[in-house]
Amino acid sequence: MTTAMSAAAPTLDLPRVRTARTAVFVVFALAGLVFASWAARIADTKVALGLSAGELGATLLAASVGSVTGLPLAGRVSGRLGASRTVGLGAVVSLVGLLATGAVVDAHGSRYLVMVGLFLVGLGVGLWDVSMNLEGAAVERELGSSVMPHFHAAFSGGTVLSALVGAGMSAAHVPLLLHFGGAVLVTVAGAAWALPRFLPRGVEAEEEAAESATGERRRSAWLEPRTLLIGVVVLAAAFTEGTANDWLAVAFVEGHELPTWAGVLGFATFLTFMTVGRLLGTRLLDRHGREPVLRVSFGLAVVGALLVVFGADWLAFAGAAVWGVGAALGFPVGMSASADDPQRAAARMSVVATIGYVAFIAGPPLLGFLGDHVGVLHALLVVGALAILALSVVTSVREPDGRPAGAARTPDPAAGSPLG
């Protein structure tokens with residue numbers, strides 16, 4: 001409902017839409033920065049608290065539970081507050097959780113207190129994630145081009161820079177609270193600039209008024225077969241991406257017997273090439289369509305994971321790069337597909353995101369359990385099974401008219417540039 005406004009509101013001036021695009025780009029980058037600030041210090045947290053792989057998996061589960069708590073609420077909250085305020089609310093909650101997590105780890109406190117902090121991080125991220133994707137879908141429709149991967153590339157770019165900073169912080173043994181405090185300052189400053197520049201709101205109130213006048217209520221998006229199948233694709237994509245986010249650095253350290261900083265660099269390699277894949281993916285999607293591009297993407301993710309698991313150290317870094325390219329497009333394409341009908345974008349995107357984030361609930365404990373029995377490195381092979389599942393239902397993300405965006409629209413000539 002929040003971003004459905006573009007279908008009902010008057011057409012906006014192109015400079016206004018481009019400004020909103022830049023604002024969304026910044027907000028996605030900040031989300032990546034916050035996420036990777038924590039992800040880059042997971043291996044340090046494991047050592048500081050003396051956790052086994054299984055205990056770490058259970059600890060990481062708290063963030064996933066928080067996210068899945070926030071995701072179903074995000075569409076409704078966005079409908080009441082608007083996307084910019086919902087992003088701001090989610091950012092505040094997640095940043096408080098991040099600082100609390102850093103303080104507990106630095107004090108070598110209880111992992112259960114760490115789980116409370118991570119729950120807040122996940123809860124805030126859930127609200128933040130759906131609302132910024134709704135805004136991104138609205139901007140995409142206004143521009144007439146498949147720019148959603150660029151927004152997710154901004155997220156990936158934020159994670160790359162943040163992971164590189166995290167590698168330096170880890171190598172220098174900087175306390176987590178000091179590291180996270182810097183991330184909070186950058187995030188607050190960036191959000192203060194970006195959020196007022198989102199697209200104007202209004203259509204959600206019109207939709208609610210219309211429904212009240214007619215007494216008609218649409219059926220739940222949870223009962224729509226296509227929405228559920230898109231959710232499965234996003235589930236597999238989230239697992240493919242999330243497995244690397246949570247476990248790749250640990251796998252490099254424990255499986256390939258590399259130092260912690262080298263494990264973080266392996267993680268940064270994955271993030272770098274995922275960013276590249278998202279930047280290049282927009283043109284591929286506009287030219288060839290969602291379905292064939294995703295078929296190749298999931299195949300590359302499997303190949304990359306196999307190289308990480310079975311390759312020598314240098315080949316594992318190459319595998320992280322291939323895996324990153326393969327993981328690049330599944331999530332943003334699923335978000336775009338769920339928002340094809342702007343009148344139902346908020347409800348459907350909340351459903352798809354919630355299903356997708358099940359991967360972040362099941363992933364950490366599943367990989368932790370397998371890691372305790374076969375080692376973290378070999379546990380990564382489960383990525384292949386989820387990729388096969390995605391390939392079996394990938395037809396659900398096809399464009400409504402069956403044509404790639406570039407064949408169906410006349411796009412904004414500057415849409416290919418995230419900031420142009």
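Please read these numbers as outputs of a predicted model, since none were measured by experiment.

## Concerning the overall build of the protein chain
Piece 1. From N to C terminus, the protein chain includes 18 helices and 0 strands.
Piece 2. The buried share of the protein chain, taken over its 420 residues, is 58%.
Piece 3. In the protein chain, of all internal contacts separated by at least 6 residues, the share reaching a separation of at least 24 is 86%.

## Looking at the packing of helix 7 (residues 148–171) against helix 11 (residues 260–288)
Piece 1. Across the interface, helix 7 lies against helix 11 with an axial gap of 8 Å and an inter-helix angle of 165°. As the angle between them shows, helix 7 and helix 11 are arranged roughly antiparallel. In this structure, the crossing between helix 7 and helix 11 has a hand that is left-handed.
Piece 2. Partitioned by chemical class, the residues of the contact of helix 7 with helix 11 number 17 nonpolar, 10 polar and 1 charged.

## Remarks on the packing of aromatic side chains
Piece 1. For the structure shown, the criterion picks out 4 aromatic pairs.
Piece 2. Taken together, a centroid distance of 4.9 Å and an interplanar angle of 65° make the contact between F252 and F317 edge-to-face. Of this pair, F252 sits in helix 10 (residues 225–255) while F317 sits in helix 13 (residues 313–326), and the two are 65 residues apart along the sequence.
Piece 3. Summarising the aromatic geometry, the rings of F270 and W323 are spaced 6.0 Å apart at their centres and angled 80° between planes, so their arrangement reads as edge-to-face. Taken as a pair, F270 in helix 11 and W323 in helix 13 lie far apart in primary sequence, 53 residues in all.
Piece 4. Taking the relative accessible area as the measure of exposure, W323 reaches 0% and is therefore buried.

## What about the environment of R278?
Piece 1. Structurally, R278 can be placed in helix 11.
Piece 2. Between the alpha carbons of R278 and P332 there is a distance of 8.7 Å; along the sequence they are 54 residues apart.
Piece 3. Those residues in contact with R278 that sit more than four places away from it in its chain are P149, H150, H152, A153, F155, S156, E241, A327, A328, L329, F331 and P332.
Piece 4. Engagement of the side chain of R278 in a polar contact is seen with the side chain of E241, the distance being 3.1 Å.

## Observations regarding the nonpolar core
Piece 1. By size, the foremost hydrophobic cluster in this structure holds 123 residues, and its most contacted members are W128, L248, F270, W323 and L380.
Piece 2. Sorting elements by how many residues they give to this core places helix 10 first, with 15 residues.
Piece 3. Excluding anything up to four places from it in sequence, L248 contacts T243, G266, F267, F270, V308, A320, W323 and L380.

## Description of helix 14 (residues 330–338)
Piece 1. Counted residue by residue, helix 14 has 9 buried out of 9 residues, so it is predominantly covered.
Piece 2. Looking at helix 14, one finds that the buried residues are G330, F331, P332, V333, G334, M335, S336, A337 and S338.

## Things to note about the packing of helix 10 against helix 12 (residues 290–310)
Piece 1. At their nearest, the axes of helix 10 and helix 12 sit 12 Å apart, and the two run at 25° to each other. When the axes of helix 10 and helix 12 are compared, the pair comes out roughly parallel. For the crossing formed where helix 10 meets helix 12, the hand is left-handed. Within the contact between the two elements, helix 10 uses R226, V233, A236, A237, T240, L248 and F252 and helix 12 uses R290, L294, F298, A301 and V308.

## Here's the deal with the confidence of the model for the protein chain
Piece 1. Confidence in the prediction for the protein chain averages 83 pLDDT; 87% of positions are at 70 or higher.
Piece 2. Here helix 1 (residues 5–8) stands out as the least confident element of the protein chain, with mean pLDDT 38; helix 8 (residues 176–194) is the most confident, with 96.
Piece 3. Counting interchain partners and residues more than four positions distant, the pLDDT-below-50 stretch residues 1–10 has 39 contacts.
Piece 4. Confidence drops under pLDDT 50 across residues 203–216; counting only partners more than four residues distant or on other chains, this segment forms 16 contacts.

## A look at unusual backbone geometry
Piece 1. Residues other than glycine seldom take positive phi values, yet H108 does so here, at roughly 55°.
Piece 2. Relative to the assigned elements, H108 resides in the loop between helix 5 (83–106) and helix 6 (111–143).
Piece 3. Of the residues examined, H108 reaches a relative accessible area of 54% and is grouped as exposed.
Piece 4. Its identity as a non-glycine residue notwithstanding, H173 has a phi of 60°, on the positive side.
Piece 5. Considering the arrangement of structural elements, one finds H173 in the loop between helix 7 and helix 8.

Rules and cut-offs
Residues numbered from 1 in each chain as written. Predicted model: local features only at pLDDT ≥ 70, side-chain atom pairs only at ≥ 80, totals over all residues. Heavy atoms only, no water. Helix = DSSP H or I, 4+ residues; strand = E, 2+ residues; numbered from the N terminus. Buried < 20%, exposed > 50% of the residue type's maximum accessible area, 1.4 Å probe, protein only. Contact = heavy atoms within 4.5 Å. Axes fitted to C-alpha atoms, helices over the stretch in contact; angles between N-to-C directions. Parallel < 35°, antiparallel > 145°, perpendicular 65-115°, else oblique. Left-handed = near helix turned anticlockwise from the far one by under 90°. Nonpolar A, V, L, I, M, F, W, Y, C, P; charged D, E, K, R; others polar. Phe/Tyr/Trp six-rings, centres within 6.5 Å; stacked < 30°, edge-to-face > 60°. Polar contact = N/O pair within 3.5 Å; in protein donor to acceptor, adjacent residues only side chain to side chain. Core = buried A, V, L, I, M, F, W, Y, C linked by side-chain atoms within 4.5 Å. pLDDT = per-residue confidence, 0-100.

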